[in-house]
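# Coordinates in review
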Amino acid sequence: MQSTAQTEQFSNNGLTDVVQWDNYSLIVKDQRIFLHSGEFHAFRVPVPDLWFDVFQKIHAAGLNAISVYVHWGLSNPSKGVIDFDDWRDLQSLFDAAKAAGLFIVLRPGPYINAETTAGGIAHWVTSEVAGQLRTNASDFEAAWKPYINAIIDVTKPNQVTEGGPVIERSRADNEYFQSDPTHGAYFAQLEETYIQGGIVVPLTYNDPGQGKNFINGTGAVDIYGLDSYPQGFDCSDPETWSPVTTNYHQYHESVNPSQPWYFPEFQGGAFDPWGPNSPGYDNCFQLTGPDFQQVFYHQLWASNAKLISYYMLYGGTSWGAIPFHGVYTSYDYGSAIRENRALSTKYSELKSQGLFLRSTPSFRKTDWIGDSSTNSVNITNSAVFGTFLRNPDTNTGFYITRQTDSTSSAVSQFKITVSTSSGPLQIPLTTDSIVLNGRESKILVTDYQFGLDSLLLYSTASILFAGTIGPRDVLLLYSTSNESSEASITFTGTPNDFKITSSKVQVHNNTSSPYTTVTFLQGIQGLITIWDSDTQLVLFADSDTAATFFAPVIPETENAQGGLGNYWQFGSNRTTLVGGPYLVRNATIQNSHLALWGDLNNSVTLTVITEPTVTSISWNGMFLGSPLNSSVSKGFFTASLQKRSSIQSIPVPQLQSWKFSDSLPEIQADFSDADWKLANHTSTNSPFKPYYGDGRVLYGCDYGFCENIVIFRGHFNATGAEKSANLSVNGGEAFATSVWINQDFIKTAFGNSSNNENILEEIDDVFTFPAGSVKKGQDNVITVIYDNMGLNETQGSPETSKSPRGIRGFKLNDGSFGEWKVQGKLGGYTNYPDKVRGIFNEGGTFGERSGWHLPGFDTSKWQSRSLSSGLPNQRPGVGFFVTTFKLNIPDDLDVALSFVFDNGSQGQSYRATLFVNGWFMGKRVANLGPQSKFPVHQGILNYSGTNTVAVLLWALEPNTGIAPELKLVVDGVIDGGIGPVSTNNPAWSPRNLKS
């Protein structure tokens, strides 16, 4: 926790010196930091108790921050209403991040993109604001200012200047362009609002490309950043890579060399679109897997970036109406932490990088010396490319190597000439070569200081951990077991009575040098002690063993460094090494006892390297007795941790005993829409005007119905000449619209998407009336049901978010329409009844308006009908299926559960909404796909009680034999978890359908 040298000159924004910067990095509370962050969206896991679970996992990977979007539309559902209650509560988010030891980069928009409806802009704004969105238009400013002021009110006392976790001021909007003067003026408005409200931490910006936006001029920010997604968003061929970007450093030096180099969003996965050809998130995971992380993240380091955030680190679920129309419910993103919060091989690679960065203060300040293209790095094989960074204070060198063709899968062997305090050396000295096994990157260090007084002259092995544990300097090196590596180390202290247990470790002493060269030959497995003394411990492991190690922060007093007791560098530099478990959440040392808390996915050998004063260890509160002492020196323990045999599998019930009711009374002759809204507007703020009709605007958002299923009913008095209606309906990608005349079904028309190709957001079709369906001389009704798949993001123009969801054209072949009535979710966006689940949770079907999906609704008088039977008589329409089931899962388990439709198959002609305990947790489009599996978290599911599952089934066509199946499956059982998770699933209460 030593402060940065006070002789250095730093920049700040004139509002605070708690967060400063120079051309190298951020300086926070006089500490130089590498901001190592990942994106997390609280709204995509609406169970606040689980936020801390994700934060603990991020912190355990060695990261020190999270980047957090706040969705304007969820927190400001209608004009004059600000809602930070329940899962929208920012204070709970701030508290959880602080408890986990993570800083926050807060991003409340107003526009966030994030594959969310309207890019985060509140739906009411898209219909009620006439001015252009994302500009300095006065009515747009009036719309966002109350929301931003509410953000300010919550954030101000949670800034790092006040002992809170918020380290960066919310980015001014998101991925925007400065070329239009109204954009810069808009940024300036936001900046002024934050400053007037008392937000003092730096303002940053994320440029969507190398466009030099908002570095200077109107709306310029404090620190500029660049977003980069080098693999794009088509995961169809995950083995095919685009190459690394090679000009990052040069671009930075040309546009903002006085600021630290920042990547606010770097690719951590990819989103996946609708359609039968969409590859799914496992492909996206593979495309951006551990090899991608190593090659491409190291390339960021090679460009001298010192602020990096991965989008996404945890993706979560776009439940309800959160997604924009281009993506489906899952937002897994192929992230390091999967949608069900499971850790992955990407997490292990990220942890290896995170612990190295956390262990290496000298990497927080480096000069870019040069690379292979400038002849600054001498490598014997031109197939290998190197970049040389060096700390100007310590002369520690970092040689970052990769394949010259970064997409290559070849095996490339090489030697490299490195600069050291002992002069230039061509390494390795004792083995034939360094090896890049295909898509791999290696970091070679020189003059690397670790602990209090130890020095590594060079190493071709990777560093997982370097630091102090108790009175000793500790170093943990690793390599893959199929390659050789070496390190040259100054061994210190009086050795303990230890032996190197592997013949594959060779020690080369040199009496003329203080350094000892150690060779690690191929075939090493497990953890090996290389040097064990009273002042130093040096360890080596194969990469698989190293991946099991954690280095939990042992917190000092909570009030250390102004309340940052859980933060590495600020509250504590105290740690211990723990190998074996699936996850180590935290560790404390009191007196001589080390208490470890974490998770197991298998039985493992626990390996602990800790302070020599420790004499006992517990795991999740269970005393481990006297762990086996694997070294004469104190502080090195092993013990066996057994995953309880009783929890190897968790039984879950079959979903059966379904109850059914029709949910489309609107097509019945006796249905009255007298209480529905009259759709009589003749103007709209959308720039996308109606195609044809009589001047009336039939856009759902214009009447307050901007989410999910919306129903229009058009009346006409028939003369007998009416044979058809021409309708243009807009619902977005992958939507559908079904049309009836009176009680007779006409047909369903389909939007489309096929892996972001063949996109069809709206249809324009003739709906021919079945013979005998028109009632001459009487009121006839055309019922149009459509699914709003979410509003467009701002693509090409900010106004695209004013999406014309609804009917863009209507006319009869003969005659004209009378009244049009419209109904969406009960109460629209101004008066919806379910304030807990919020604005995006319901649609406009009769069952949803009546609350049939909510726990406690009485279905005892409904008919019994299996879900797999579909709707009666195989007719098209909408029906509700409801059942209940019980779970009894212990609190000390983390069990991942999912609902699976049709055993994962696609192609049936239906759409379905999955409600779990009242929450809209899945939109199933069976005719398109790709999603059929819907993870649902504890907290939505009640793990110790009764659960209600409801399926809104929309049969799209008659007589197609649809037979939906739904089952509950266990995706994984983890022994541990975060303990009890509360539920907040309000039950049904009577509703006034006239509201």
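Residues numbered from 1 in each chain as written. Predicted model: local features only at pLDDT ≥ 70, side-chain atom pairs only at ≥ 80, totals over all residues. Heavy atoms only, no water.

### Digging into the packing of helix H3 (residues 90–100) against helix H5 (residues 138–155)
With their axes 10 Å apart at the nearest point, H3 and H5 run at an angle of 40 degrees to one another. Accordingly, the angle class assigned to the pair H3 and H5 is oblique. Here H3 runs over H5; the crossing is right-handed. Judged by residue contacts, Leu90, Gln91 and Phe94 of H3 engage Ile151, Val154 and Thr155 from H5. (Axes fitted to C-alpha atoms, helices over the stretch in contact; angles between N-to-C directions. Helix = DSSP H or I, 4+ residues; strand = E, 2+ residues; numbered from the N terminus. Parallel < 35°, antiparallel > 145°, perpendicular 65-115°, else oblique. Left-handed = near helix turned anticlockwise from the far one by under 90°. Contact = heavy atoms within 4.5 Å.)

### Quick notes on the state of the cysteines
What we call a disulfide is simply a covalent bond connecting the sulfur atoms of a pair of cysteines. Applying the stated criterion across every chain, the model contains 2 disulfides. Here cysteine 235 connects covalently by a disulfide to cysteine 284, the sulfurs 2.1 Å from one another. Of note, the bridge from cysteine 235 to cysteine 284 carries an S-S torsion of about 100 degrees and is right-handed in sense. On the criterion of sequence distance, the pair formed by cysteine 235 in the loop between strand S9 (223–226) and helix H7 (248–255) and cysteine 284 in helix H8 (residues 281–287) is long-range, its members being 49 residues apart. One exposure class covers both cysteine 235 and cysteine 284, and it is buried. For the protein chain, the disulfide bridges join cysteines in the arrangement 1-2, 3-4, where the cysteines are counted in sequence order. (Disulfide = S-S within 2.5 Å. Buried < 20%, exposed > 50% of the residue type's maximum accessible area, 1.4 Å probe, protein only.)

### Examining the packing of helix H9 (residues 290–302) against helix H10 (residues 345–359)
Contact geometry for H9 and H10: axes closest at 9 Å, N-to-C directions at 30 degrees. When the interaxial angle is binned, H9 and H10 end up roughly parallel. Here the hand of the crossing between H9 and H10 comes out right-handed. For the pair formed by H9 and H10, the contact residues are Pro290, Gln293, Gln294, Tyr297, His298 and Trp301 on the first element and Thr345, Lys346, Glu349, Leu350, Gln353, Phe356 and Leu357 on the second. Grouping the constituent residues of the contact of H9 with H10 by class yields 6 nonpolar, 5 polar and 2 charged. (Nonpolar A, V, L, I, M, F, W, Y, C, P; charged D, E, K, R; others polar.)

### Observations concerning the packing of aromatic side chains
With the rule as written, the count across this model stands at 66 aromatic pairs. With a centroid separation of 6.0 Å and 80 degrees between ring planes, the pair formed by tyrosine 186 and phenylalanine 187 is classed as edge-to-face. We note that tyrosine 186, like phenylalanine 187, is buried. Ring geometry for tryptophan 241 versus phenylalanine 296: centroids 5.3 Å apart, planes at 80 degrees, classification edge-to-face. In this pair, tryptophan 241 sits in the loop between S9 and H7 while phenylalanine 296 sits in helix H9, placing the two residues 55 residues apart along the sequence. (Phe/Tyr/Trp six-rings, centres within 6.5 Å; stacked < 30°, edge-to-face > 60°.)

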